[in-house]
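So you can see what is in the structure, the chains are spelled out below.
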Amino acid sequence: RGCLTSEEVSSLCALLNKKKSEMHSSYYLAIVLALCTGMRSGEVRALNISDLVPSNYEGWTRVNIVHSIATYTGLKGTKGNYERAVLIPDCLAEELRLNADKRGVCLPSKQKVGYISAPTLRTIFYELLAEIGISENVREKRNITFHSLRHTFSTLGRDSMISQEDRMVVLGHKSTDVNNRYTHISEEALYRVSALTGGLFAIVDGVGKSESAVS
């Protein structure tokens, strides 16, 4: 799977910030969430208000990633039924709450009658890529898809000196050894990774770059 460079991530963040007012909020938030947390498309689209809970850290909300959604099977558990969590800034969590429909779905469709469309989400993402100079031919050659945001998050985490163990906890990647060691996940591990999430969100939100953000 392809991966965006740090320069491309900065360009994408700047473009998202510029286009926030003209994009449908559910699709904007979906792309921001995937970029800043490494969540899968189905996990982002399935997010519910009930999944957003207070964390032990001021300024941060815990997102419990327990569901995913697929075209034919509907709402289901996460891949491998491996539940996990990630921290996001309180201000982003509040945007998700305000955007939710009556059922608590954080990213409802434009008609507020269902979840946002995965194909439409991909199309919007590809249009954004084209605007930062990644044409369809280049995208296909580099094998960049929406799922590449997950690979990008992991790569940026490594480059930001976040340990492999912490990255695996947040992304839900597991081997037998790691799974045994992280059966009970401490929020301290989530907080260590939140430095990357906060840095990326700061760029999208136009606040500026933190020391842990993309350089």
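Here, the structure is the one placed above.
Because the structure is predicted, anything quoted here is derived from the model rather than measured.

A. Representation of the pairing of strand S4 (residues 74-77) in the model. Pairing of strand S3 (residues 67-70) with S4, which is carried by four bridges, proceeds in the antiparallel orientation. Opposite His67, over in S4, you have Gly77 as the bridge partner. Between the antiparallel neighbours S3 and S4 lie three residues.

B. Up close: the layout of surface pockets. Here the largest pocket is characterised by a volume of approximately 350 Å³. Taken together, 18 residues form the lining of the largest pocket, with Ser41, Gly42, Arg45, Ile69 and Ala118 sitting closest to its centre. Taken together, the elements giving at least two residues each to the lining of the largest pocket come down to helix H3 (41-45), S3 and helix H5 (118-131). Per-element tally for the lining of the largest pocket: the top contributor is H3, with four residues. Here the residues of the lining of the largest pocket are counted per class, giving five nonpolar, seven polar and six charged.

C. Here's a closer look at the packing of aromatic side chains. Going through the model one piece at a time under the given rule, you end up with three aromatic pairs. Ring centres of Phe125 and Phe146 lie 5.5 Å apart, and the angle between their planes is 80°; this geometry places the pair in the edge-to-face category. Placement of Phe125 in helix H5 and of Phe146 in the loop between helix H6 (136-142) and helix H7 (148-159) is noted, with a sequence separation of 21 residues between them. There is no split in this pair, since Phe125 and Phe146 are both buried. The structure contains a cluster of three or more aromatic residues connected by ring pairs, namely Phe125, Tyr126 and Phe146.

D. Structural detail: unusual backbone geometry. Phi at Asn143 takes a positive value of approximately 60°, unusual for a residue other than glycine. Tracing the sequence through the fold places Asn143 in the loop between H6 and H7. What makes Asn143 partly exposed here is its relative accessible area of 39%.

E. Inspection of the packing of helix H1 (residues 6-19) against H5 at higher detail. Interhelical geometry of H1 versus H5 gives an angle of 115° and a closest axis separation of 10 Å. Taken together, the axis directions place H1 and H5 in an arrangement best described as roughly perpendicular. Crossing hand, H1 versus H5: right-handed. Within the contact between the two elements, H1 uses Leu12, Leu15, Leu16 and Lys19 and H5 uses Phe125, Leu128 and Glu131. Tallied by class, residues from the contact of H1 with H5 come to five nonpolar, no polar and two charged.

The rules behind these values
- Note that residues are indexed from 1 along each chain, following the sequence as it is written.
- Where totals are concerned, whole chains, interfaces and linings use all residues; where local detail is concerned, this predicted model gives features only for residues with pLDDT of at least 70, and gives and counts side-chain atom pairs only at 80 or more.
- To get the side-chain values, take all heavy atoms of the structure and skip hydrogens and water.
- Only strands joined by at least two bridges in the DSSP assignment are considered to pair.
- Strands are runs of DSSP state E lasting at least two residues, helices are runs of H or I lasting at least four, and both sets are numbered from the N terminus onward.
- Cavity: a set of points on a 1 Å grid over the protein atoms alone where a 1.4 Å probe fits but cannot get out. Pocket: an open set with protein on both sides within 12 Å along at least five of seven lines, its lining residues, like those of a cavity, having an atom within 4 Å of a point.
- Grid points are joined across faces, edges and corners, and a volume is the space filled by probe spheres set on the points.
- The nonpolar class holds Ala, Val, Leu, Ile, Met, Phe, Trp, Tyr, Cys and Pro. Asp, Glu, Lys and Arg form the charged class, and all remaining residues, Gly among them, are polar.
- Ring pairs are drawn from Phe, Tyr and Trp, using the six-membered ring of Trp, whenever the two centres fall within 6.5 Å, and their geometry is named by plane angle: stacked under 30 degrees, edge-to-face over 60, tilted for the rest.
- A 1.4 Å probe rolled over the protein chains alone gives each residue an accessible area, and that area as a share of the maximum for its type sets the label: buried under 20%, exposed over 50%, partly exposed in between.
- The convention used is that axes are lines fitted to C-alpha atoms, helices contributing only their stretch in contact, and that angles between N-to-C directions extend from 0 to 180 degrees.
- Roughly parallel here means an angle under 35 degrees, roughly antiparallel means over 145, roughly perpendicular means 65 to 115, and every remaining angle is called oblique.
- Crossings are sorted by hand: turned counterclockwise from the far helix by less than a right angle, the near helix makes the crossing left-handed, and turned clockwise it makes it right-handed.
- The contact definition used throughout considers only heavy atoms, calling two residues in contact when any of these lie within 4.5 Å.

These values are about where atoms sit, not about what they do.
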